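Results of the structural survey
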Amino acid sequence: MAQGGSMMDPLKFACSICLDLLKEPVTIPCGHNYCMDCIKIHWNGEAQRKIYSCPQCRRTFSPRPVLVKNTMLAELVEELKKTNRRSTLCYAGPEDVSCDVCSGRKLKAVKSCLDCLASYCEEHLQSHYESSENHELVEASKSLKENVCSRHNQMMKIFCRTDQINICYLCLMDGHKGHNTTVSAAAEFTEKQKKLEETRLEVQQRIKSREKDMKELQQEVENINTSADKAVEDSEEIFNQMILLIQKRSSEVTQQIRSQQEAEVSQVLDLQEELEEEIRDLRSKDREMETLSHTEDHSQFLHRYSSLSALSQSTYSSGLPVCPLRFFEEVTKAASDTRDKLQELLRDKEENISMTEAKPDVLPPKPEPMNQETRENFLQYTRKITLDLNTAHELLEISEGNRTVTMMREREDYPDHPDRFDRRWQVLSKQSLTGRCYWEVEWSGAGVEIAVTYKSICREGDSVDSSFGLNKKSWALCCGDDSYTFYHNGIDTPVSVPDSSTIGVYLDHRAGVLAFYSVSETMTLLHKVRTRFYKPLHVGIWLSFSLLKIKQKKKANMKCTEKTATLMFVKE
C-alpha cells in the first residue's frame, strides 16, 4: 500500500514546465515526460538553432524528435485525477442536506430540485442536468416536502392571496375555486422580494438619517463644552479682579456652570443612547431582511416573510433645532454687572447676585398644544393605552378591551404575579410612554387618581412608596366630586374643580412637561408640571369604589356614547 501511495504521488505526474498534472503526456528520448503543448512551445523557441534540448537534463537532440502521446502515462494521470476527486469529496454531516442518489455514505447536496423533490451532490447533479435540464433548482434544502400539498400530493406552485397560503393546482379547483386573487408562487415571490427591498431601503435610509443626527448631537456636545469652558474662563477673569471681596461667590458660580454643563451634556448623551439603540435594531432588521432576500425557495421565502416583524415607528424626529446657549453667556454678563455694581451690592448685605436660570433642554420642544384652545392640537399625539392585568389589584375588574377598570365588592380570581399591587387599589398601563403622548380618562363614582409613574414603583403594602403621588416616582391628580388635588412626593397642590368628568392628560417626556385638562368643548388647563423624567412612564389609576374608562378619541367632534356617559357608581 505504501508503494502504491508513492506511485500515485501527484508530484511524480507533474510537468516540470507548467508545474501542473500532465496533459497529453509525451516521453522524449531522454526519458523525461512533459505535456505535449509545453514541450512543443519549448522546442519552438529553439528552432533557429535546430538543436532541441530537455528542460530538465539539458540533453540535446537533432533532428527534432517526433512526439507521440504516452497512452499508459495518460491513463495513470486520469486515475490520479479520479483518486484526488474522491479524496476531496464533502460528505454530509448531521446538519447538512444529503444527496438522495448516493448509496452508502452520502455526499453533501449542493442543489435541490423542486420538480423531482430530491437533492443532489455535485457528481449526481450533472447527470440530473443532462436528463432534466428544464427542472427548477434551488439551494439545497431539507424542507422540500413542505412544498408538497398534504391533501393532493402535488407541488404547491400557486399562492392564494385571499388566504395568504401556498396551494397546488388541485387546491385551486377545490377549496380555493372562488378565490380570484391567486397568482403563481414565483410571481408572489418577485412581488414580495420587491417589497422587501423597498422596506430594506427605508431601513438603510433611516440608519443614515440617525447617523447624521448622531453627528449633530456630537457637535452639540462640543458646542456646549466649548461655551461652558469659555464661560468659566471669562467669569474667573472677572472674579479675579475682586478676589478679596467675592472669592467665595466666584467658586459658587463656577460650580453652577459645571452643574449646568453636566445637565445639558447628560441630556444629549441620553439622546445619543436612544439613537444608538434604534440604529442597532435597524441594523439587526436589515441583516434579517438581507438573509431573507437571498432565499431562493419561494415557499420558504413567503413563509418567513409573513413572520417578519413589522418595522416599528421611530419615536425620534430628525431636524435638530439649534439650541441657544444663553445660559453660559448670561452667566458672564451677570458676573460683569456684578463687578460694576459691587459697591452698591455691598451696601445692601441682603441682596444677592441673581443669575438667570435656563431650562436644561438641549433640544427645545415645539410649541406645546396646551397654548391652543382646541382638542385637535392634542389629538395628534393620541396613544393607544390599555391596562395591564398583571398589575391590577384583586378588587379591580378590567374589561372592554382592557380599557375600563371597575371597583368590585368581591375579589377577582387573578393569578399571583410579582407586578400586582397587593394592597393599593391601583393598576398600571401595559404600554410605556416616551416622547409626546395624549390620552383621556372619563370617570364616575366616589373618587379616582389619574397618575403617571415609573414602572419601578413599589407594589407591596399600603405605604408611601406604593401610593401614587406620595413619592418621587409618581405624579397624580386626585379627582373627587367637590375637590381636585395634585400630588407629587407627598406635596399636595389644590386644583380648581372642573365641570367635566373627562380629564385629558398631555405628556412631553423629553421636555419634562405633564399637564392635566378638563375636556369639554374647549380645553381648560387644570395643572401643569415642569420637571425632568429619567425613565419611560406608565399610566396609573387608583380607584375609590368608582368606575372609569380610558378612551382613544381620534377626532375632535367625537362624543361619548350614552352607555359611557351613564356609567353608574358601584356600591358596596
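Keep in mind that this is a model prediction, so the values were computed, not measured.

Moving on, we come to the state of the cysteines. Evaluated as defined, the whole model comprises zero disulfides. In this model Cys35 remains outside any disulfide bridge; the closest cysteine sulfur is found in Cys18, 3.9 Å from its own. Take Cys149: it sits in no disulfide, and the sulfur closest to it among the cysteines is that of Cys171, at 3.5 Å.

What follows covers the sheet that holds strand E10 (residues 182-184). As summarised here, the arrangement of the three strands in space is E9-E8-E10, forming an open sheet in which the pairing is antiparallel. Of all the strands in the sheet, just strand E9 (165-167) and E10 have a single pairing partner and so form its edges. Sheet twist, expressed as the mean angle between neighbouring strand axes with direction ignored, is 35°. When strand E8 (residues 158-160) meets E10, the two strands line up antiparallel, connected through three bridges. When the bridges of E10 are listed, Ile158 appears paired with Ser184.

Between Ser62 and the following residue, Pro63, the backbone shows a cis peptide bond with an omega angle of 5°. A positive phi angle, close to 60°, is found at Leu19, a residue other than glycine. Position of Leu19 relative to the elements: it lies in the loop between helix H1 (2-7) and strand E1 (25-27).

Overall, the predicted model of the chain reaches an average pLDDT of 79, with 81% of residues at or above 70. Per-element confidence in the chain is highest for strand E17 (residues 484-488), whose mean pLDDT is 95, and lowest for helix H12 (residues 562-565), whose mean pLDDT is 26. Here residues 348-367 is a poorly scored stretch, pLDDT under 50, and it has 43 contacts once near neighbours within four places are set aside; other chains count.

Now for the environment of Ala511. Within the fold, Ala511 resides in the loop between strand E19 (502-508) and strand E20 (513-519). The class of Ala511 is buried, set by a relative accessible area of 5%. Taking the C-alpha atoms as reference points, Ala511 and Gly435, 76 residues apart in sequence, are found 8.6 Å from one another.

Here the focus is the sheet that holds strand E6 (residues 118-120). Taken together, the three strands give an open sheet; going across it, the order is E6-E5-E7, and neighbouring strands pair in antiparallel fashion. Looking at the sheet topology across the chains shown, the edges are occupied by E6 and strand E7 (137-139). This sheet shows a mean twist of 35° between the axes of neighbouring strands, independent of strand direction. For strand E5 (residues 111-113) and E6, the ladder comprises three bridges, and the chain directions are antiparallel. Bridging from a neighbouring strand, Ser112 pairs with Ser119 of E6. In the packing of helix H4 (residues 122-131) onto the sheet, contacts are made with E5, E6 and E7, and the angle to E6 comes to roughly 115°.

Along strand E22 (residues 537-543), seven of the seven residues are buried, which leaves the element largely enclosed by surrounding structure. Side chains Leu537, Val539, Ile541 and Leu543 project from E22 onto one buried face, and the interleaved His538, Gly540 and Trp542 project onto a second face that is buried too. Across three bridges, strand E13 (residues 426-428) lies against E22 in antiparallel orientation. Residue pairing in the sheet places Leu428 in a bridge with Gly540 of E22. The pairing of strand E15 (residues 447-454) with E22 spans seven bridges and is classified as antiparallel. Bridge assignment links Tyr454 to a residue of E22, and that residue is Leu537.

So, how was this worked out
- Sequence order sets the numbering: in each chain, residues are counted from 1 along the sequence as written.
- It should be noted that, the model being predicted, local features are given only for residues of pLDDT at least 70 and side-chain atom pairs only at 80 or more, the latter also being counted only at that level, while totals for whole chains, interfaces and linings use all residues.
- The side-chain numbers reported here are obtained from all heavy atoms of the structure, hydrogens and water having been left aside.
- The definition used for a disulfide is geometric: two cysteine sulfur atoms within 2.5 Å.
- Between any two strands, pairing holds if DSSP finds at least two bridges.
- Here a strand is any run of E in DSSP of at least two residues, a helix any run of H or I of at least four, and the numbering for each starts at the N terminus.
- To define axes, lines are fitted to C-alpha atoms, for helices over the stretch in contact only, and angles between the resulting N-to-C directions are given on a 0 to 180 degree scale.
- pLDDT is a per-residue confidence score from the predictor, ranging from 0 to 100.
- Residues are treated as being in contact if the distance between any of their heavy atoms lies within 4.5 Å.
- Residue exposure (1.4 Å probe, protein chains only): buried if accessible area is under 20% of the type maximum, exposed if over 50%, otherwise partly exposed.

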